[in-house]
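Here's the letter readout for the chains.
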Amino acid sequence: MKHIKALFHIHSTYSYDGEWSLEKLKNSAIKHGYNALFICEHNRNFSDKKFKSLIKECDNLSDDKVLLIPGIEYEDADNIIHICTFGLKNLISEYSSINDLLQKVVKENGIAVYAHPEGKHSYKKIDKNVFSLLNGIEVWNRKEDGIKPSKIAWSLYKKHKVTPFVSLDFHRKAQLFPLSILFRNISLDKEEILESIRNGKLVSTAFGIPISFFYNPIIYLCMVSVDYTRKGLLSIIRKIKR
């Protein structure tokens, strides 16, 4: 039994826009002291055969140092609402709505986490009745929210009482950031970790600190300022490179 430090919502080259292989992701996890990776590939252009291959490769790469947990990120018909899923044995190839998708995930005893609510303002479109079918919500998504957490996602977590997650939504090196999920007193075992998620037994952290700290009004304002400055500098650098 030990503490497991995990990275959530990681895309590999199995996704059409991922840049790192599963093996490279594993090696990076070892280098930076992480024990588990929640691999989450886009369902677009994915097949059940490819999903089985993902599961097999994750199993083969997993060892007593790092566990790779395979999953799929599903999208609605308009590519606005996204759901990260884990613990499924087969690809869900057909679903009429996000509600229908979640019903199928629940039936298979899978895990479902609402991804980046602020992305494309998906929180305005999602059916509020689906929150009872969710295991969690991303309150800080590095790719979509930047280097500050989402206030809107935090309010949704508070309102609907779903477990708050932090995620990288990793596609490339620039999205590396110290957002991790801590599982305390647990074995490095996929089923045990998934069961901990079902029971809400996890702590989402940034820089090793529980994320509630970053919603302190003063701390949050500082992070917004830093993120605004960061984006401004990146814009200037891009213009210089052209």
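Summarised in this report is the structure supplied together with it. (Residues numbered from 1 in each chain as written. Predicted model: local features only at pLDDT ≥ 70, side-chain atom pairs only at ≥ 80, totals over all residues. Heavy atoms only, no water.)

### A short note on the pattern of salt bridges
Phase 1 of the analysis: Counted by the stated rule, this structure contains ten salt bridges.
Phase 2 of the analysis: Two residues, K104 and D100, come together in a salt bridge whose shortest N-O distance is 3.7 Å. Linking K104 with D100, this pair stays in helix α3 (residues 98-107), spanning four residues, or about one helical turn.
Phase 3 of the analysis: Classification of D100 as partly exposed rests on a relative accessible area of 23%. (Salt bridge = Lys/Arg side-chain N within 4 Å of Asp/Glu carboxyl O. Helix = DSSP H or I, 4+ residues; strand = E, 2+ residues; numbered from the N terminus. Buried < 20%, exposed > 50% of the residue type's maximum accessible area, 1.4 Å probe, protein only.)

### Here's the deal with the sheet that holds strand β10 (residues 209-210)
Phase 1 of the analysis: Spatially, β7-β6-β5-β4-β3-β2-β1-β8-β9-β10 is the arrangement adopted by the ten strands of the open sheet, whose pairing is mixed. Every interior strand has two partners, whereas the edge strands, β7 (163-167) and β10, have only one.
Phase 2 of the analysis: Relative to β7, strand β6 (residues 136-141) runs parallel, the two being bridged by five bridges. Residue pairing for β7: N141 is matched across the bridge by S167.
Phase 3 of the analysis: Contacts from helix α1 (residues 22-32) reach β1 (2-10), β2 (36-42) and β3 (67-75), with the element oriented near 150 degrees to β2. (Pairing = 2+ DSSP bridges. Contact = heavy atoms within 4.5 Å. Axes fitted to C-alpha atoms, helices over the stretch in contact; angles between N-to-C directions.)

### Brief notes about the pairing of β2
Phase 1 of the analysis: With respect to burial, β2 is a largely interior element, seven of its seven residues being buried.
Phase 2 of the analysis: Side chains of β2 alternate between two faces, with A36, F38, C40 and H42 and L37, I39 and E41 buried alike.
Phase 3 of the analysis: Pairing geometry for β1 and β2, over three bridges, is parallel. Across the sheet, the residue bridging to A6 is A36, located in β2.
Phase 4 of the analysis: As paired elements, β2 and β3 share seven bridges and run parallel to each other. Its bridge partner being in β3, E41 is matched across the sheet by I72.

### Details of the packing of α1 against helix α2 (residues 48-61)
Phase 1 of the analysis: Remark: α1 packs on α2, axes separated minimally by 10 Å, with the N-to-C direction vectors making an angle of 35 degrees. At the point where α1 passes α2, the crossing takes the right-handed sense. Mapping the contact onto sequence places L22, E23 and K26 in α1 and L54, E57, C58 and L61 in α2.
Phase 2 of the analysis: The class makeup of the residues in the contact of α1 with α2 is four nonpolar, no polar and three charged. (Left-handed = near helix turned anticlockwise from the far one by under 90°. Nonpolar A, V, L, I, M, F, W, Y, C, P; charged D, E, K, R; others polar.)

### Quick word on the environment of S97
Phase 1 of the analysis: Residue placement: S97 occurs in the loop between β4 (82-86) and α3.
Phase 2 of the analysis: The partly exposed category is assigned to S97, whose relative accessible area is 32%.
Phase 3 of the analysis: Sequence spacing of S97 and E75 is 22 residues, and the spatial spacing of their C-alpha atoms is 9.3 Å.

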